[in-house]
Structures are given as C-alpha cells and as structure tokens.
Amino acid sequence: MSSITPQQPSETPDIVDMISKARLDPKVASANVPPALVNKRQVTADELYKELNRYPLFMTELPAEDEDNEYLEAFKALAYEGTRAEIAENFKTQGNEAVREKRWLDAREFYSKALAALKGPKVPAGASQAELEMKVEEVDEVAEEKRERGLAESCHANRAMCQLEMKNYGSCNRDCAAALKLNSHNLKAWYRAASACLALDKLPEALDACECGLRVEPANTALATVKSKIEKRTIHVTAIERSRREREERVRSEESNLKYALNSRNIVSRTTEDPPDMEDATIKLENPFEPTSTLSFPVIFLYPLQAQSDFVKAYAETETLGDHLSYILPPPWDRTGEYSVEGTDCYMETTAGGLIKAGRKLTLLKLLGSGKVEVVDGLVKVNVVPKAKASIWIDEFKLRRGKQ
C-alpha cells in the first residue's frame, strides 16, 4: 500500500510574499535600496501593481481619457519624431497592418494621420537648433519631396480602399482623385473610383474610370471585371429607364384621351384641394386609347335623410339610374319600406348650386351631358329621397344654400 508523502513547500518563494516579508520583517536580508526609492519599499502588492500599470510597457489597459500619464504621453510622442516622411511612413505601416486584419476604421485613421503628417512643418518635432544645423546637409530635399509625394499617393489610394469597404463612396472618390492627381497611372485608384461610381449608379463616370485605367494597363483583370459589371448594369438601367418612359407616355396618352372624351360629350368636371380616397375607382374609358369607347364613372347614391350611402365603382354612361336602383333598393337598413324604386325620387346638384330631378330612365350620359351637372373629384353624386318627404328635403336644401 503506497504512502502519501506530504507536499513540500516550493523552494522558490512568491515575489509578493518576498515583498511582504521584507516590509514586515526588517531582519530579512535584502539588497540595499537606493535612497530615492526608500519610500517605495513600504507598499503593498496592489500598490506596486498600480504603480507598474502607469508605464506603457506593463499596461494591461489604457487609462481614462481625463487621467494624466506623462509616460504614456511621451510614448505617444515617439510616433511624431522624425521627418514628415518618417512620421507618415510609420502611420502608413500601422494602417497596412490594420488593413490585413480588415480593421477598416482603424486603417482609415492611420492613413489620415499619415496624410496630416505630410502637411505638417518640415522641422522635426522637438529638434534643437544644433540638431537642425547638423542635419542641413544630410537631407536631400529633392529625394525627400519625391518620397513624400509617393507616400501621399499611396495613403490616398489606401484610404480610398477603406472608404470603399465602409461604403463611403463619395469619400472614396475624393481620395482616388487625390491619388490620381499625384499619379495618373495608379491602377488601384482607377479601380476603386470605378467601383465607387458603380455602387452609386454613376455608370458613365464608372466606365470612364475603367477605360482610363485600361489605357494604362489593357490586360488588367480587375478593371476588366468591373467594366463587365458596369456594362451589364448599364443594359439593365437602360431597360428600366425605357420602361419608365413608356409608362409615363402611356399615362399621358390615357389622360389626354380621357380629357378629350369628357369634352366631346360636354361633361363638366373639376377637382378640389381635398379629393376623397376612392382607391382605384376612377373615371375611365373602356379602351384607354380610344376616346369614343364607353366611359364609366364612380357613382355614390346618397340617402340624406338617413345619413346612409351606396357606392358603385363603375357606372357606365349607357346605363340608367333604374338599372342600378333595381338591385340597390330597398336597402337593408330601411325598416319602414320608404325606399323602393317606385317610392323614391333622385336629385343631382347643378353647377349653379341648385337641384335637378334625375329621371330613373335617363342614361348617365344624358344627365351629365346636359352641362348642368358637374363631376367633382371624379365622383358623381345622386341624392335618393322618398317621394313623400322630397319637398321637405328640397326646402331644407335651399335653406342651406341660402336660396329661400
């Protein structure tokens, strides 16, 4: 039977324990501490951790925005040391790393910082007068200018890629234009400009960008591919535009034919500022392209004494009032039997504000073609009143119109 040996303590003491013992027991041997750091010995492990966390090398998280940290600020300042080209190159490198990880927003920020650096002062940040005098002969201004121009071109082209990926197509085009102003042979800029214009449906501009790039390199596969997409999209958009024009032309023709049909029949019509919603019910010709074909109208039968109504969506001009009243009357709400075909009279308002009695045997064309009745907002109105109460209703109508 095996015996269990008690676990021996580790020979290597924990660093925190060592610090604690050194602080609590002054007899514990330790190295002499420099005078400037004597006060630093009397700290806890948490305090030591907090102190270390102030140094960029040991940081596990960034400090709050309102917290001052001179070490971090000094570390950040390193990014702006050197010539304009050196600073821009540093930011460009960070941007390229962000692109490889598809961190488009971060990459765009780095490229923007690189471009801003190229527009900054030529004097290196923090350089003394002695250092400047020493470096006067070391800088080849022509070479430095060429380097800056190349960096600006590539940063604009790369930032255009970020804008394209983020669907900021207008910004992408502006960066492409800036890159191409520096180098008209930049194929990536031509490709990204064409892609952005295609996304915005600016097809002529997209095709022009493709053709400019292909003149630089006729065998460029990427440009050839996007050109093919532009051509397909152009065919599709052209077909849609042609269909839209045909539809608009058809609507104009139908409206013209309808207007001619109404005028030729002497039918008066007008519209108001607040027409009723009748969905798809409207005045229309049986054949929209033939003004002499049969007209039909939406008609509403009003029962003013009962505040009721019936709506007929398509009432042909050749039909009489009796044709429709025969299946409408008596209405289901008529408990007294007053509203029968023979027991009612029909009235229509005139253009002068009066009333005319509409015979049940008259066609709608006869009634509307007299020129006395008008169609308002594409709707014909017919008032249906029991004969026994017609005179009372007419007097009330005249009183409302101020004709008594």
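Above this text you will find the structure in question.
Now for a quick tour of the structure. (Residues numbered from 1 in each chain as written. Predicted model: local features only at pLDDT ≥ 70, side-chain atom pairs only at ≥ 80, totals over all residues. Heavy atoms only, no water.)

1. Focus: the pattern of salt bridges
So the rule is basically this: Each salt bridge in this description consists of a side-chain nitrogen of Lys or Arg and a carboxyl oxygen of Asp or Glu lying within 4 Å of one another. Helix and strand definitions here come from DSSP, where helices need a minimum of 4 consecutive H or I residues and strands a minimum of 2 consecutive E residues; each element is numbered from the N-terminal end. Classification of residues uses two cut-offs on accessible area relative to the type maximum, computed with a 1.4 Å probe and protein chains only: under 20% is buried, over 50% is exposed, and between them is partly exposed.
Within the structure shown, the criterion is met by 16 salt bridges. Close ionic contact of Arg244 with Glu241 constitutes a salt bridge, the shortest N to O distance being 2.1 Å. Here Arg244 and its partner Glu241 are both found in helix α11 (residues 221-264), 3 residues apart, which amounts to about one turn of the helix. On the basis of relative accessibility, which here comes to 30%, the residue Arg244 falls in the partly exposed class.

2. A closer look at the state of the cysteines
Let me state the cut-off plainly: Working definition: a disulfide is two cysteine sulfur atoms within 2.5 Å of each other.
A complete count under the given rule lists 0 disulfides for this structure. The cysteine Cys162 is free of any disulfide, with Cys172 supplying the nearest cysteine sulfur at 9.8 Å. Between Cys176, a free cysteine, and Cys172, which holds the nearest cysteine sulfur, the sulfur-to-sulfur gap is 4.1 Å. For Cys176, a relative accessible area of 1% translates into the label buried.

3. Quick notes on the nonpolar core
To keep it simple, the criterion reads: To qualify as a nonpolar core, a set must consist of buried Ala, Val, Leu, Ile, Met, Phe, Trp, Tyr and Cys residues joined through side-chain atoms within 4.5 Å. For this analysis, residues touch if any pair of their heavy atoms sits within 4.5 Å.
Counting 29 residues, the largest nonpolar core has Phe297, Phe301, Leu321, Met348, Leu368 and Val380 as the members making the most contacts within it. Mapped by element, the contributors of at least two residues to this core are α11, β3 (295-303), β4 (308-316), α12 (321-328), β5 (344-349), β6 (355-358), α13 (364-368) and β8 (380-386). Looking at which element gives the most residues to this core, the answer is β3, with 5 residues. If near-sequence neighbours (up to four positions away) are discounted, Val380 is found in contact with Phe297, Pro298, Val299, Ile300, Met348, Leu364, Leu368 and Val375. Ranked by size, the runner-up nonpolar core spans 25 residues in total, among them Cys172, Ala189, Leu203 and Leu214.

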